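# Results of the structural survey
One-letter residues, chain by chain:
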Amino acid sequence: MSNRHPLFKPLIFVGGLVFGFGLGFSHMARPEVVVNFLLFEDLGLPFVMFGAAIVSGIAFALLPRIRETAPLTGNRYERRLKPFDRNVLIGGAIFGVGWGLSGICPGAAYASLGVGNITILWALAGMFLGAYAQGYWRSSRAERDSTAVNAD
Amino acid sequence: MVPDPVLLQAAADFFPNGISRYAVGGLLVGLGTVLIYVGTGIPAGASTFLESTLSYVSDQSRFQQYVASRDWRVLFTAGIILGALAFAATFQSGLITSPLYEPGTTGQLYEVAGVTLWTTDIQPWRLFLGGILVGIGTRVGKGCTSGHGVCGVGSASKTSLVGVLTFLTVAIGTAQVVAALGVSP
């Protein structure tokens, strides 16, 4: 990690800028607009999520055919594939309740702060608290499990 | 060709703010993701930042696994915040106007140093409680709207498609129940 390309961090930052500008422009940084979608009062949201998925999907499909590895990291170009287990359903459902209640998701919450929404700090504080709670619980469970294995 | 009045009415009912701001915003979100992917091969999601940043203050193994990526994830998030601020300073402030951008009427606008900023009407308890569940759910469920919704769906990952279908369905049900209980805003 110490021998990262000097352009690695600038590129991440610029990518974040474009990403955040898009979240502002699309009004996903406004929880009201997300809630209005979930109540079927403004069906614009899928154009944001699937519009973004199509653009990134084209890159994910084409780049591995053009080049083997990424220029700034040497990482192989791979798609984002995660193994399926019931956590995807349990976590997805918990996320769904939170998203439906608040109209906010992580990326949109960061962008919401950028458009001036000071009140969103409540949501950000909640997200860190939630992430900490699940991490604390899963870390201690992992430790218990490894202790049990070692004891055998 | 004369536009069908029934179709026009349906468009006005379901898309009161048009679709262009959503489509253009989505393309930009995708472009940001692609820029990072082209240079680094990383399909970046937004919610890992929560755990990777906690590794600065907690020794829990669950957070320490993200130590290698925590510095650039802070930078990615700072970029998102400042990119949204750039939007606020331009389109939200009316400095730039475009037929592709519909300003809308949600929330409250206020001004600081000539920049039009925006704040939500949604009640703090909904944001806080919802935020806690989002923090738990995205990390247990292996991704959020950008990780599963943008990168995962863009990868045609079955796991992500199931994840998106799950949180979208549950979110619609939750929002409907919350509205039916008379909670607004």
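Procedures and definitions
- Residues numbered from 1 in each chain as written.
- Chains lettered and ligands numbered in written order.
- Predicted model: local features only at pLDDT ≥ 70, side-chain atom pairs only at ≥ 80, totals over all residues.
- UniProt positions renumbered as here; feature names shortened; annotations may be inferred.
- Helix = DSSP H or I, 4+ residues; strand = E, 2+ residues; numbered from the N terminus.
- Rg over C-alpha atoms; globule rule 2.2 N^0.38 Å.
- Buried ≥ 20, exposed ≤ 12 C-beta atoms within 10 Å, placed from the backbone.
- Contact = placed C-beta atoms within 7 Å.
- Core = buried A, V, L, I, M, F, W, Y, C linked by C-beta atoms within 7 Å.
- Domains from an automatic or database assignment.
- Nonpolar A, V, L, I, M, F, W, Y, C, P; charged D, E, K, R; others polar.

In the nomenclature of an unreviewed UniProt entry, chain B is known as YeeE/YedE family protein of Halosegnis rubeus. Per UniProt, the comment on chain B under Subcellular location (unreviewed entry) is "Cell inner membrane".

Chain A is annotated in an unreviewed UniProt entry as YeeE/YedE family protein of Halosegnis rubeus.

Turning next to the overall build of chain A. A count of helices and strands for chain A gives 6 helices and 0 strands. Mapped in sequence order, the helices and strands of chain A form the string α-α-α-α-α-α. Over its C-alpha trace chain A gives a radius of gyration of 19 Å, far above what one expects of a compact globule, namely 15 Å for 152 residues. For chain A, the spread of C-alpha atoms along the principal axes amounts to about 60 × 40 × 30 Å. Counting the 152 residues in chain A, one finds 56% classified as buried.

This paragraph deals with the overall build of chain B. Regarding its fold elements, chain B presents 8 helices and 2 strands. Written out in order from the N terminus, the α and β elements of chain B read α-α-α-α-α-β-β-α-α-α. Structurally, chain B occupies a C-alpha span of about 60 × 40 × 40 Å along its principal axes. Out of the 185 residues in chain B, the part that is buried amounts to 52%. For chain B, long-range pairs separated by at least 24 residues make up 45% of all intrachain contacts whose partners lie at least 6 apart in sequence.

Our next topic: the nonpolar core. In this structure, A:Leu23, A:Ile104, A:Ala109 and B:Ala84 are the most contacted members of the largest nonpolar core, which totals 96 residues. The element that contributes the greatest number of residues to this core is helix α3 (residues 45–66) of chain A, accounting for 10 residues. Among the domains, domain 1 (1–118) and domain 2 (122–185) of chain B are the pair contributing at least three residues each to this core. If we ignore the near neighbours within four places in the chain, the residues touching A:Leu23 are A:Met28, A:Ala29, A:Gly107, A:Ala108, A:Ala111, B:Gly25, B:Val29, B:Ile80 and B:Ala84.

In this section: the interface of chain B and chain A. Counting residues at the interface gives 111 residues for chain B and 109 residues for chain A. For the side of chain B that touches chain A, the element with the highest residue contribution is helix α2 (residues 20–40) of chain B, accounting for 20 residues. Among the residues making up the side of chain B that touches chain A, the classes are represented as 62 nonpolar, 41 polar and 8 charged.

In this section: the domain arrangement of chain B. Residue and element names in this part refer to chain B. As assigned here, chain B comprises domain 1 (1–118) and domain 2 (122–185). At the junction of the two partners, domain 1 supplies 9 residues and domain 2 supplies 10 residues. Mapped onto the side of domain 1 that touches domain 2, the elements with two or more residues apiece are α2 and α3 (48–54). Sort the elements by how many residues they give to the side of domain 1 that touches domain 2 and α2 lands first, with 3 residues. Residues that form the side of domain 1 that touches domain 2 fall into these classes: 4 nonpolar, 4 polar and 1 charged.

Most peptide bonds take the trans configuration, and most residues that are not glycine carry a negative phi. Geometrically, the link from B:Ser184 to B:Pro185 is a cis peptide bond, its omega value of 0° lying close to zero. Along the chain, B:Pro185 falls in the segment after α8 (158–180). In this model, A:Phe40 sits at a positive phi of 60°, which is unusual for a non-glycine residue. Among the secondary structure elements, A:Phe40 is positioned in the loop between α2 (31–38) and α3. At B:Ala113, a position not held by glycine, the phi torsion is positive, near 50°. For B:Ala113, the position within the fold is in the loop between β1 (108–112) and β2 (115–119).

Turning next to the UniProt feature "transmembrane region" (unreviewed entry) in chain B. Those residues carrying the UniProt feature "transmembrane region" (unreviewed entry) are residues 22–50, 71–91 and 162–183 of chain B in this numbering. Helix makes up 100% of residues 71–91 of chain B and strand 0%, with an end-to-end C-alpha separation of 30 Å.

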